[in-house]
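# Structural features, examined
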Amino acid sequence: MGELFEGILNHHLGFVVWASVAFLLLLVILKKLAWKPILGMISERERFIENALASAEKAKEEMARLTNENESLLKEARAERDLILKEAKELKDKIVAEARTNAQTEGAKMIEKAKQEIDSQKVAALNEVKNQVATLSIEIAEKILRNQFEDRNKQQALVADLLKEVKLN
């Protein structure tokens with residue numbers, strides 16, 4: 001193989017030199033025209049990717065913050081809801097207790113009033129019965145006395161008995 005390179009280099013040295021010059025010239029042209037724009041585009045692309053990653057990280061942090069904020073708002077809302085429900089239940093219990101107490105008080109007043117009414121009706125009825133008994137007693141006594149006073153002898157005997165009783169007392 002050494003012979004191959006020796007032959008090529010000896011016979012075509014001019015070709016190698018021109019090829020090397022062309023290669024170097026191509027490198028210089030690529031450096032001036034292609035490498036700077038390519039490297040610039042690569043750096044720009046790197047900056048764009050870094051900015052996109054930074055933006056994504058910020059968005060992720062913002063999402064985490066919003067999620068935490070939403071969770072805290074939900075907790076507050078649940079606590080407030082529980083408090084409102086508790087207060088509503090307490091208010092309902094209080095209203096029911098007051099209504100029950102008022103109903104019992106009113107019931108007791110009505111019962112007392114009914115008892116008083118019954119007592120007054122009872123007294124009135126007893127007075128009426130006493131009046132009727134007294135009227136009937138007077139009527140009966142009057143009839144008995146009329147029967148006894150129809151006979152003159154019976155009248156004199158009754159007067160005599162009454163006089164004896166009066167003298168004894």
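Keep in mind the model is a prediction, meaning the values are calculated, not measured.

What counts, and at which threshold
Residues numbered from 1 in each chain as written. Predicted model: local features only at pLDDT ≥ 70, side-chain atom pairs only at ≥ 80, totals over all residues. Heavy atoms only, no water. Helix = DSSP H or I, 4+ residues; strand = E, 2+ residues; numbered from the N terminus. Buried < 20%, exposed > 50% of the residue type's maximum accessible area, 1.4 Å probe, protein only. Areas by Shrake-Rupley, 256 points an atom, 1.4 Å probe, with all protein chains shown as cover. Salt bridge = Lys/Arg side-chain N within 4 Å of Asp/Glu carboxyl O. Patch = residues over 30% accessible without salt bridge, like charges linked within 9 Å, V, L, I, M, F, W, Y side chains within 5 Å. pLDDT = per-residue confidence, 0-100.

Once that is clear, we can look at the overall build of the chain. The secondary structure content of the chain amounts to three helices and zero strands. For the chain, the succession of helices and strands along the chain, N to C, is α-α-α. Across the 169 residues that make up the chain, the buried fraction comes to 0%. Surface accessibility of the chain: about 15800 Å² in total, with carbon and sulfur atoms responsible for 64%.

Applying the stated criterion to the full structure yields four salt bridges. In this structure, Glu 62 engages Arg 65 in a salt bridge whose closest nitrogen and oxygen atoms are separated by 2.4 Å. A residue pair is termed a helical-turn pair when its members lie 3 or 4 positions apart in one helix, as Glu 62 and Arg 65 do in helix α2 (residues 13–150) at three residues. By relative accessible area, Arg 65 is classed as partly exposed at 41%.

Taken together, the side chains of Leu 26, Leu 30, Trp 35, Ile 38, Leu 39 and Ile 42 present a nonpolar region at the surface, about 540 Å² in accessible area. Assignment of secondary structure puts Trp 35 in helix α2. Exposure remark for Trp 35: the relative accessible area of 43% places this residue in the partly exposed category.

Take the confidence of the model for the chain next. For the chain, the mean per-residue pLDDT works out to 85, and 90% of the residues sit at or above 70. For the chain, per-element mean pLDDT is lowest for helix α1 (residues 2–11), which scores 54, and highest for α2, which scores 89.

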